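# Working through the structure, step by step
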Amino acid sequence: MRRNYILIALLAAMTLTSCGEYNKLLKSTDYEYKYEAAKSYFAKGQYNRASTLLNELITIMKGTDKAEESLYMLGMCYYNTGDYVTAAQSFIQYYQVYPRGIYTELARYHAGKSLFLDTPDPRLDQTSTYKAIEELQMFLEFYPQSSLAKEAQDMVLELQDKLVTKEYLAARMYYNLGNYLGNNYQSCVITAQNALKDYPYTKLREDLSILILRAKYELAVYSVEERKRERYREAVDEYYAFVNEFPESKYAKEAEDIFQKSQKILGDNLETEEVE
């Protein structure tokens, strides 16, 4: 037990000494010493201490290669502590100030990745997602042969899937609303079709396509008499397009059911017309 008390006392003394040295360092005007200390803190993973020093050094050492390195390290400090918005700002500042700098490729990459890591749930506003895609695409334009290009492209695709998911959720919401306060089935069709047009290779393509088929069928069901036949035909056409693209679809039974119901209505209407 006594040994534990001694160990705790030693650790406390070391912490107090370390804090004392750091406070003394903050007041120092020896900027070369501060620069080396900031690099040491960064290497040890003490990013908060390093960032405090680096913020000062960026201005003091402006115009030197040390200011350039300090700005990049500052961005990495924020990145490693999870402050991705501030990290992105630092990386963007870096490549704007040093467009041909030593760390420009990494700064552009980390600017995009920082924004990627900060993007919200698909149900929320996706402004930051568009910004992340823009940064990553800029990186790919500047460095198409980079060893980081594949990872950047994967992030772009993942972000695009997030945007598609938002559109899918909106289309599904319109479908679930049905005829409540307006023709929401038509809104469902338009939203889903636009998503497929903007992102033709999305992994949600099948889910968006079945939504379109469902909504077109419901449009026919609730249509006025003079337009029913036309809209059932549109539902049948949509069915053929669906099964042609997804012959082994998980929605095959549902699609077939919609087809059979539509065909029956069209057949009954045809018989009625012939009798008349």
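Definitions and cut-offs
Residues numbered from 1 in each chain as written. Predicted model: local features only at pLDDT ≥ 70, side-chain atom pairs only at ≥ 80, totals over all residues. Heavy atoms only, no water. Helix = DSSP H or I, 4+ residues; strand = E, 2+ residues; numbered from the N terminus. Buried < 20%, exposed > 50% of the residue type's maximum accessible area, 1.4 Å probe, protein only. Areas by Shrake-Rupley, 256 points an atom, 1.4 Å probe, with all protein chains shown as cover. Salt bridge = Lys/Arg side-chain N within 4 Å of Asp/Glu carboxyl O. Expected span 1.5 Å × (residues − 1). Contact = heavy atoms within 4.5 Å. Polar contact = N/O pair within 3.5 Å; in protein donor to acceptor, adjacent residues only side chain to side chain. Axes fitted to C-alpha atoms, helices over the stretch in contact; angles between N-to-C directions. Parallel < 35°, antiparallel > 145°, perpendicular 65-115°, else oblique. Left-handed = near helix turned anticlockwise from the far one by under 90°. Nonpolar A, V, L, I, M, F, W, Y, C, P; charged D, E, K, R; others polar. pLDDT = per-residue confidence, 0-100. Patch = residues over 30% accessible without salt bridge, like charges linked within 9 Å, V, L, I, M, F, W, Y side chains within 5 Å. Core = buried A, V, L, I, M, F, W, Y, C linked by side-chain atoms within 4.5 Å. Phe/Tyr/Trp six-rings, centres within 6.5 Å; stacked < 30°, edge-to-face > 60°. Lys NZ or Arg CZ within 6 Å of the ring centre and 35° of its normal.

This part covers the overall build of the protein chain. Secondary structure assignment for the protein chain yields twelve helices and zero strands. Across the protein chain, helices and strands are ordered from the amino to the carboxyl terminus as α-α-α-α-α-α-α-α-α-α-α-α. Looking at the 276 residues of the protein chain, the share that counts as buried comes to 43%. Counting only carbon and sulfur atoms, one obtains 53% of the accessible surface of the protein chain, whose full area is about 16,300 Å².

Applying the stated criterion across every chain, the model contains 13 salt bridges. Residue glutamate 135 is joined to lysine 131 by a salt bridge in which the shortest nitrogen-to-oxygen separation is 3.4 Å. Here glutamate 135 pairs with lysine 131, and both are found in helix H7 (residues 127–142), just four residues apart, close to one helical turn. Taking the relative accessible area as the measure of exposure, glutamate 135 reaches 2% and is therefore buried.

If you check helix H9 (residues 184–198), its first and last C-alpha atoms are 21 Å apart, about what 15 residues at 1.5 Å a residue would give, namely 21 Å. Elements that come into contact with the buried residues of H9 comprise helix H8 (149–177) and helix H10 (205–221). The opening residue of H9 is asparagine 183, an N-cap whose side-chain oxygen sits 3.4 Å from the backbone nitrogen of tyrosine 185.

Quick look at the side chain of threonine 119 now. One can find threonine 119 in the loop between helix H6 (104–117) and H7. Threonine 119 gets classed as buried once you look at its relative accessible area, which sits at 14%. Of the polar contacts made by the side chain of threonine 119, one reaches the side chain of lysine 162; its length is 3.0 Å. The residues touching threonine 119, leaving out its near neighbours within four places in the chain, are Ser128, Thr129, Ala132, Leu159 and Lys162.

With that settled, the discussion passes to the packing of H6 against H7. Viewed as axis vectors pointing N to C, H6 and H7 meet at an angle of 155°, and their least axial separation amounts to 8 Å. It follows that H6 is roughly antiparallel to H7 by the angle criterion. As H6 runs across H7, the sense of the crossing is left-handed. Between H6 and H7, the residues in contact are Glu105, Arg108, Tyr109, Ala111, Gly112, Lys113, Leu115 and Phe116 and Lys131, Ala132, Glu135, Leu136, Met138, Phe139 and Phe142, respectively. Here the residues of the contact of H6 with H7 are counted per class, giving nine nonpolar, one polar and five charged.

Before going further, it helps to examine the confidence of the model for the protein chain. Counting all residues, the mean pLDDT for the protein chain is 89, and 90% of those residues have values of 70 or more. Mean pLDDT values for the elements of the protein chain range from 52 in helix H1 (residues 2–27) up to 98 in H6. Taken together, the stretch residues 1–17 has pLDDT below 50 and engages in zero contacts with residues farther than four places along the chain or on a different chain. Below a pLDDT of 50 lies the segment residues 270–276, which in the model reaches two contacts outside its immediate sequence neighbourhood of four places, other chains included.

On to a nonpolar patch on the surface, then. Together, Met173, Leu177, Tyr180 and Leu181 make up an exposed nonpolar region whose accessible area comes to about 460 Å². Positionally, leucine 177 belongs in helix H8. On the accessibility criterion, leucine 177 (35% relative accessible area) is partly exposed.

Okay, helix H5 (residues 84–97) next. In a regular helix each residue adds 1.5 Å, so 14 residues correspond to 20 Å; H5 covers 20 Å between its end C-alpha atoms and thus fits that length. Of the surrounding elements, those touching the buried residues of H5 are helix H4 (65–80), H6 and H7.

So, about the side chain of serine 209. With respect to the helices and strands, the residue serine 209 is situated in helix H10. Note on serine 209: relative accessible area 8%, which makes it buried.

Moving on: the nonpolar core. Formed by 34 residues in total, the largest nonpolar core has its most connected members in Leu136 and Leu208. When residues in this core are grouped by element, the largest group, eleven residues, is from H8. Discounting residues that sit within four places of it in the chain, leucine 208 has contacts with Val164, Tyr168, Ala192, Ala195, Leu196 and Thr202. Membership of the second largest hydrophobic core comes to 29 residues, among which are Tyr35, Leu57, Met73 and Ala107.

Another aspect to go through is the packing of aromatic side chains. Inspection of every chain in the model, using the stated rule, returns 18 aromatic pairs. Taken together, a centroid distance of 6.1 Å and an interplanar angle of 65° make the contact between tyrosine 217 and tyrosine 232 edge-to-face. With tyrosine 217 in helix H10 and tyrosine 232 in helix H11 (residues 225–245), the pair connects residues that are 15 residues apart, well separated along the chain. Comparing tyrosine 217 with tyrosine 232, the two get one shared label, buried. Within the aromatic cluster, the residues linked to one another by ring pairs are Tyr72, Phe91, Tyr94, Tyr98 and Tyr103. The side chain of arginine 108 reaches across the aromatic face of phenylalanine 142, ending 3.9 Å from its centre. Positioned over the ring face of tyrosine 251 is arginine 214, at 5.4 Å from the centre of the ring.

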